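These are the residues of each chain, in order.
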Amino acid sequence: MREVIKKAALIGGGVIGGGWAARLLLNGIDVNVFDPSASAEQSLNKIIANAEYAYSKLTMAPLVKQGKIKFVDSIGKAVQGIQFIQESVPENPGKKIPILKEIEQFALETALICSSTSGIKPTSLQTEMKHPERFMVGHPFNPVYLLPLVEICGGEKTSAEAKQSAAEFYRRIGMKPLILRKEIDAFIANRLLEAVWREGLWLIRDDVATTEELDDAIRFGFGLRWAQMGLFETYRVAGGEAGMRHFISQFGPTLSWPWTKLMDVPELTEELIEKI
């Protein structure tokens, strides 16, 4: 059984790394940060200040005792003796792989190592690790200190125990972990976002709408529903007493109509409908 994690290391202190720092600190976790940028500390402190202000407006309940932050000048100093490590360096396998290798050189063999990558498969990142079973993707959403979702995606050599341990830690700092059943590029949420984004780009390209109008359509319309029920629960309710089966029978055929540029849709077989 793993010991309770009270301290974490962050490799990379940019927008995402800074968001992780704020999330961790405001949930009582001490943090070591390594980022070679000369402006990293100043930028990260601004993110923390924004998070503190946001938390002060979210609730009148007293916050937990804030964790302590320490900026260090090497990866080795950041990860030594730490049980949880979050890597948030630029989205480039050529940079991430050697950094993960260096992290592992100094980290405890039992330490959990997570990457904030928004789309790179973990199998390709764990190729040079000696203990790849404890490495996985822990993909957050910006701002990390406010949005709770974190997608956990393991590689071919990631253990189920490590994924569950990471999920438990993320829950402790107020997050909603979603463990992916299969390893795929871009994971789940970004695939959904990119589908909407692609259609939005077509609407803009064809002079149907401006970016502001598209954003208004989302934030004053289905975005409010999605925040409460998501996509499939919303459609289940829309189906009335007959639920999802009725909704699909009524609106499923429209998926093949020329309303959208995204015409590659799965066949609505009985097996797929039953699964939904």
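Our subject is the structure listed above.
These figures come from a predicted structure and were not determined experimentally.

Colleague: Describe the pattern of salt bridges, listing the residues and the values that go with them.
Modeller: Applying the stated rule across the entire model yields 10 salt bridges. One salt bridge connects Lys101 with Glu128, and the closest N-O pair in it is separated by 3.6 Å. With a gap of 27 residues between them, Lys101 in helix α4 (residues 93-106) and Glu128 in the loop between α5 (122-125) and β6 (135-139) connect regions that are remote in the sequence. The exposure class of Lys101 is partly exposed, given its relative accessible area of 45%.

Colleague: A description of the packing of aromatic side chains should follow, citing residues and the corresponding values.
Modeller: By the definition in use, this model includes 7 aromatic pairs. Judged by centre distance (6.4 Å) and plane angle (50°), the rings of Phe169 and Tyr170 are tilted. Summarising the burial analysis for this pair, Phe169 and Tyr170 share the class buried. Grouping aromatic residues by their ring pairs yields a cluster made of Trp20, Phe84, Phe169 and Tyr170.

Colleague: How would you explain the side chain of Glu151 if you had to name every residue and give the values?
Modeller: Relative to the helices and strands, Glu151 resides in strand β7 (residues 149-154). This buried residue, Glu151, is left without a salt bridge; Arg191 holds the nearest opposite charge, at 8.7 Å. At 2.8 Å, the side chain of Glu151 forms a polar contact with the side chain of His139. Of note is the side chain of Glu151, whose polar atom sits 3.0 Å from the backbone nitrogen of Ile188. Leaving out residues up to four positions away in the same chain, Glu151 has contacts with Val137, Gly138, His139, Phe141, Leu178, Leu180, Phe187, Ile188 and Ala189.

Definitions and cut-offs
- Residue numbers run consecutively from 1 along every chain, following the written order of its sequence.
- Restriction of local features to residues with pLDDT of at least 70 applies here, the model being predicted, together with a cutoff of 80 or more for giving and counting side-chain atom pairs; totals for whole chains, interfaces and linings are based on all residues.
- Only hydrogens and water are removed before side-chain values are computed, so all heavy atoms of the structure are retained for them.
- Counted as salt bridges are all cases of a side-chain nitrogen of Lys or Arg within 4 Å of a carboxyl oxygen of Asp or Glu.
- Helix and strand assignments come from DSSP, with helices taken as H or I runs of at least 4 residues and strands as E runs of at least 2, each series counted from the N terminus.
- Any residue under 20% of the maximum accessible area for its type is buried, any over 50% is exposed, and the rest in between are partly exposed; the area is computed with a 1.4 Å probe on protein chains only.
- For this analysis, a ring pair means two rings from Phe, Tyr or Trp (six-membered ring only for Trp) whose centres lie within 6.5 Å, classed as stacked if their planes differ by under 30 degrees, edge-to-face if by over 60, and tilted for the remaining angles.
- Residues scored as charged are limited to Lys and Arg (positive) and Asp and Glu (negative), so that His and the chain ends carry no count.
- Polar contacts, as counted here, are pairs of nitrogen or oxygen atoms within 3.5 Å of one another; within protein the pair requires one atom able to donate a hydrogen and one able to accept it, and residues that are adjacent in sequence qualify only if both atoms are side-chain atoms.
- Contact definition: two residues touch when any of their heavy atoms are within 4.5 Å.

So far we have only geometry, and geometry alone does not tell us how the molecule works.
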